[in-house]
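# Notes for the structure review
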Amino acid sequence: QVQLVESGGGLVQAGGSLRLSCAASGRTFSSYAMGWFRQAPGKEREFVAAISRSYGNTYYADSVKGRFTISRDNAKSTVYLQMNSLKPEDTAVYYCAARPSFLVVTTDHDYNYWGQGTQVTVSS
């Protein structure tokens, strides 16, 4: 089992940047594929980015491709989401999630563990 704690959210102007972090407990972080999802008010939770557990293969939603970068540091049991060129439509609660598999997926119901979320607000 793994516990996830996100940090780094906040208020930023359009065009700005934020870096989200997700710290995981436990000794087996490297065995988990990791993902970031977000949920805006009145909308369903949606996939943002994911990274494989070992080789760092990355996947992105089309809406963030070229602006967001997911990375991980297995020694620190942490996954990051660097968000650049932020837009007001990126405003949401951002969640990290873990999946004990080498397979990376983009569907939220396939992730087993979730953090509590961190709010990102982008003003226009």
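Up top is the structure.
Below, the structure is looked at part by part.

About the cut-offs
Residues numbered from 1 in each chain as written. Predicted model: local features only at pLDDT ≥ 70, side-chain atom pairs only at ≥ 80, totals over all residues. Heavy atoms only, no water. Buried < 20%, exposed > 50% of the residue type's maximum accessible area, 1.4 Å probe, protein only. Helix = DSSP H or I, 4+ residues; strand = E, 2+ residues; numbered from the N terminus. Pairing = 2+ DSSP bridges. Disulfide = S-S within 2.5 Å. Contact = heavy atoms within 4.5 Å. Polar contact = N/O pair within 3.5 Å; in protein donor to acceptor, adjacent residues only side chain to side chain. Axes fitted to C-alpha atoms, helices over the stretch in contact; angles between N-to-C directions.

Regular strands place side chains that alternate from one sheet face to the opposite one. Only one face of strand β7 (residues 68-73) is covered, namely the face carrying Phe68, Ile70 and Arg72; the face carrying Thr69, Ser71 and Asp73 is uncovered. Bridge count between β7 and strand β8 (residues 78-83): six bridges; the pairing is antiparallel. In the strand pairing of β8, Ser71 is matched with Tyr80. Between β7 and β8, which pair antiparallel one after the other, the connecting turn spans four residues, and Ser77 there sits at a positive phi close to 50°.

With that settled, the discussion passes to the state of the cysteines. Enumeration over the complete set of coordinates arrives at one disulfide. Note on cysteine connectivity: Cys22 is disulfide-linked to Cys96, with sulfurs 1.9 Å apart. What sets the handedness of the Cys22 and Cys96 disulfide is the S-S torsion sign, and at about 45° it is right-handed. Of this pair, Cys22 sits in strand β3 (residues 18-24) while Cys96 sits in strand β9 (residues 92-99), and the two are 74 residues apart along the sequence. The class of Cys96 is buried, set by a relative accessible area of 0%.

The next point concerns the environment of Gln119. Position of Gln119 among the secondary structure elements: in strand β11 (residues 118-123). Separated by 28 residues in sequence, Gln119 and Thr91 have C-alpha atoms that sit 7.8 Å apart. Excluding anything up to four places from it in sequence, Gln119 contacts Gly9, Gly10, Thr91, Ala92 and Val93. In terms of polar contacts, Gln119 uses its side chain to reach the side chain of Thr121, at 3.3 Å.

Reading across from one edge, β1-β3-β8-β7 is the order of the four strands in this open sheet, with antiparallel pairing throughout. Two strands lie at the open edges of the sheet, namely β1 (4-7) and β7, each paired on one side alone. The average undirected angle you get between the axes of adjacent strands in this sheet is 15°. For β1 and β3, the ladder comprises four bridges, and the chain directions are antiparallel. Bridging across to β3, Glu6 finds its partner in Cys22.

One non-glycine residue, Ser77, lies in positive phi territory at about 50°. Here Ser77 shows up in the loop between β7 and β8. Even without glycine at this site, Ser85 takes up a positive phi of about 50°. Among the structural elements, Ser85 can be located in the loop between β8 and β9. Classification of Ser85 by relative accessible area gives partly exposed; the value is 41%.

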